[in-house]
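# Geometric and topological summary
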Amino acid sequence: QVQLVESGGGLVQAGGSLRLSCAASGIIYSINSMGWYRQAPGKQRELVAAITSGGSTNYADSAKGRFTISRDNAKNTVFLQMNSLKPEDTAVYYCNADKIIMSWGTEYNVWGQGTQVTVSS
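About the cut-offs
- Residues numbered from 1 in each chain as written.
- Predicted model: local features only at pLDDT ≥ 70, side-chain atom pairs only at ≥ 80, totals over all residues.
- Heavy atoms only, no water.
- Core = buried A, V, L, I, M, F, W, Y, C linked by side-chain atoms within 4.5 Å.
- Buried < 20%, exposed > 50% of the residue type's maximum accessible area, 1.4 Å probe, protein only.
- Helix = DSSP H or I, 4+ residues; strand = E, 2+ residues; numbered from the N terminus.
- Salt bridge = Lys/Arg side-chain N within 4 Å of Asp/Glu carboxyl O.
- Polar contact = N/O pair within 3.5 Å; in protein donor to acceptor, adjacent residues only side chain to side chain.
- Contact = heavy atoms within 4.5 Å.
- Pairing = 2+ DSSP bridges.
- Phe/Tyr/Trp six-rings, centres within 6.5 Å; stacked < 30°, edge-to-face > 60°.
- Lys NZ or Arg CZ within 6 Å of the ring centre and 35° of its normal.
- Axes fitted to C-alpha atoms, helices over the stretch in contact; angles between N-to-C directions.

In terms of nonpolar packing, the biggest core is built from 31 residues, with Trp36, Leu80, Met82 and Tyr93 touching the most fellow members. Among the elements that line this core, the one with the most residues is strand S9 (residues 91-102), at six residues.

What follows is the structure, given as C-alpha cells:
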C-alpha cells in the first residue's frame, strides 16, 4: 500500500514563505496526478494546486501568482512553494495522489496525513 508523507508545514508571519513536500513510498512505476488540498477549521477541503505527470498544472484562484506546484517524477515527490502567505492561508494542507501504478497494481485517490500551516498577522 502506498503512503504519502508530507513535510514543511509550520508557523510563518504574513508575507513569508513555506515549501511543502510530499513523497510517495513504495515500488511505484508512475503517478498520474499529484496535488495539494487544504482544510481550514469549519470549512470544506479545497483544491490548492495539482500537477499531472506531464507537468500540466491547475491552481485555485486564491493560489495563482503566489503558489507554485512542482514535482520530481523520479522521486515520486510533489512540492508546493508558497509565497506572500496570508492569514487566510492558515489550514491543514493535504497531499493527494491519484492513479498510482505500482508493482502489484493500481491505487486511486490516496491522501497524506496532513501538515499544519499557520500564518500569523
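Inspection of every chain in the model, using the stated rule, returns four salt bridges. For the salt bridge of Asp61 with Lys64, the shortest nitrogen-to-oxygen distance reads 3.2 Å. Between Arg66 and Asp89 there is a salt bridge whose closest N-O contact spans 2.7 Å. Within this pair, whereas Arg66 is found in the loop between strand S6 (57-59) and strand S7 (67-72), its partner Asp89 is found in the loop between strand S8 (77-82) and S9, the two being separated by 23 residues in sequence. Note on accessibility: Arg66 and Asp89 belong to one class, buried. Where salt bridges share partners, they join Arg38, Glu46, Arg66 and Asp89 into one cluster.

Along the chain, Thr77 turns up in strand S8. In this structure the side chain of Thr77 is engaged in a polar contact, spanning 2.9 Å, whose partner is the backbone oxygen of Lys75. Apart from residues lying up to four places away in sequence, Thr77 is in contact with Cys22, Ala23, Met34, Ser70, Arg71 and Asp72.

With that out of the way, let us pick up the pairing of strand S1 (residues 3-7). Of the two faces of S1, only the one carrying Leu4 and Glu6 is buried; Gln3, Val5 and Ser7 on the other face are not. Here five bridges tie S1 to strand S3 (residues 18-25), and the two strands are oriented antiparallel to one another. When the bridges of S3 are listed, Leu4 appears paired with Ala24.

All told, the structure shown has one aromatic pair when counted by the stated rule. Here the basic side chain of Arg19 rests over the ring of Phe79, its NZ or CZ set 4.1 Å away from the ring centre.

A separate point is the sheet that holds S8. One key point about sheets: their strands pair by backbone hydrogen bonds, in either a parallel or an antiparallel sense. Taken together, the four strands give an open sheet; going across it, the order is S1-S3-S8-S7, and neighbouring strands pair in antiparallel fashion. Both edges of this open sheet fall to S1 and S7, since each of them pairs with a single strand only. Across the sheet, the axes of successive neighbouring strands diverge by a mean angle of 15°, strand direction being ignored.

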